[in-house]
Every structure is written in C-alpha cells, then in structure tokens.
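Topology and contacts: notes
So you can see what is in the structure, the chains are spelled out below.
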Amino acid sequence: MLALKNRLARVSDAAYAKAAAATSLAIGSAQASAAAIDVAAVVTDIGAQIAPIVLIGGAVLLVVVAIKGFKWVRAALS
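Residues numbered from 1 in each chain as written. Predicted model: local features only at pLDDT ≥ 70, side-chain atom pairs only at ≥ 80, totals over all residues. Heavy atoms only, no water.

This paragraph deals with the overall build of the chain. Check the secondary structure of the chain and you find three helices and zero strands. Helices (α) and strands (β) of the chain occur, in sequence order from the N terminus, as α-α-α. Going through the 78 residues of the chain one by one, you find that 0% of them count as buried. Accessible surface, the chain: about 7,000 Å² in total, of which carbon and sulfur atoms supply 75%. (Helix = DSSP H or I, 4+ residues; strand = E, 2+ residues; numbered from the N terminus. Buried < 20%, exposed > 50% of the residue type's maximum accessible area, 1.4 Å probe, protein only. Areas by Shrake-Rupley, 256 points an atom, 1.4 Å probe, with all protein chains shown as cover.)

See below:
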C-alpha cells in the first residue's frame, strides 16, 4: 500500500510539474503578444463617440421628462 501511495505521489508531482511548465509558457506567450497590441486607435475612436452618445442620452432624457410632464399635467387637469 505504501509503494502505491509513493507511486501516486510521484505521478502527481510529475503532472503538477508539467502543468506548471505549461502555465508559465502560456503566460510568457501571452505577455509577449500583449506587448504588440496598439490601442491608440481604439482609444481615439472611443473618444470620438462621446458627442453622439451625449446627444442620444439627452434626447432620451428629454422624452422621459416630456412624458412625465404630460402625465402630471393631465392628472392635474382631471
């Protein structure tokens, strides 16, 4: 029984070592590829979308306020 336990311990240690090596290799590859990504164009594009987002948000807010105001005036008149 002790021999089986030792054998399983060696197998799990070997499997752990392989998994650790694969993980470190994957992290190293991810870091190498992440350094090559240029995000300047995306940041510029997001910045350019601020004006349309503000206009759409303002229009939605105006519609909501108009509906609430209409309901308030209708309730006050009835």
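A few words now on a nonpolar patch on the surface. Judged by side-chain polarity, Ile37, Val39, Val42, Val43 and Ile46 come together as a nonpolar surface patch covering roughly 490 Å² of accessible area. Since its relative accessible area comes to 57%, Ile46 is described here as exposed. (Patch = residues over 30% accessible without salt bridge, like charges linked within 9 Å, V, L, I, M, F, W, Y side chains within 5 Å. Salt bridge = Lys/Arg side-chain N within 4 Å of Asp/Glu carboxyl O.)

A separate point is helix α3 (residues 50-77). Along its 28 residues, α3 runs 40 Å from first to last C-alpha, staying within 8% of the 40 Å computed at 1.5 Å per residue. Of all 28 residues in α3, zero are buried; the element is thus mostly exposed. (Expected span 1.5 Å × (residues − 1).)

On to the packing of helix α2 (residues 40-48) against α3. Two elements in contact, α2 and α3, have axes separated by 5 Å at closest approach and are oriented at 35°. Contact residues: Ile46, Gly47 and Ala48 in α2; Ile50, Ala51 and Pro52 in α3. Partitioned by chemical class, the residues of the contact of α2 with α3 number five nonpolar, one polar and no charged. (Axes fitted to C-alpha atoms, helices over the stretch in contact; angles between N-to-C directions. Contact = heavy atoms within 4.5 Å. Nonpolar A, V, L, I, M, F, W, Y, C, P; charged D, E, K, R; others polar.)

Before going further, it helps to examine the confidence of the model for the chain. Averaged over the chain, the pLDDT score is 82; the fraction of residues at 70 or greater is 71%. Of all secondary-structure elements in the chain, the lowest mean pLDDT belongs to helix α1 (residues 2-34), at 66, while α3 reaches the highest, 97. (pLDDT = per-residue confidence, 0-100.)

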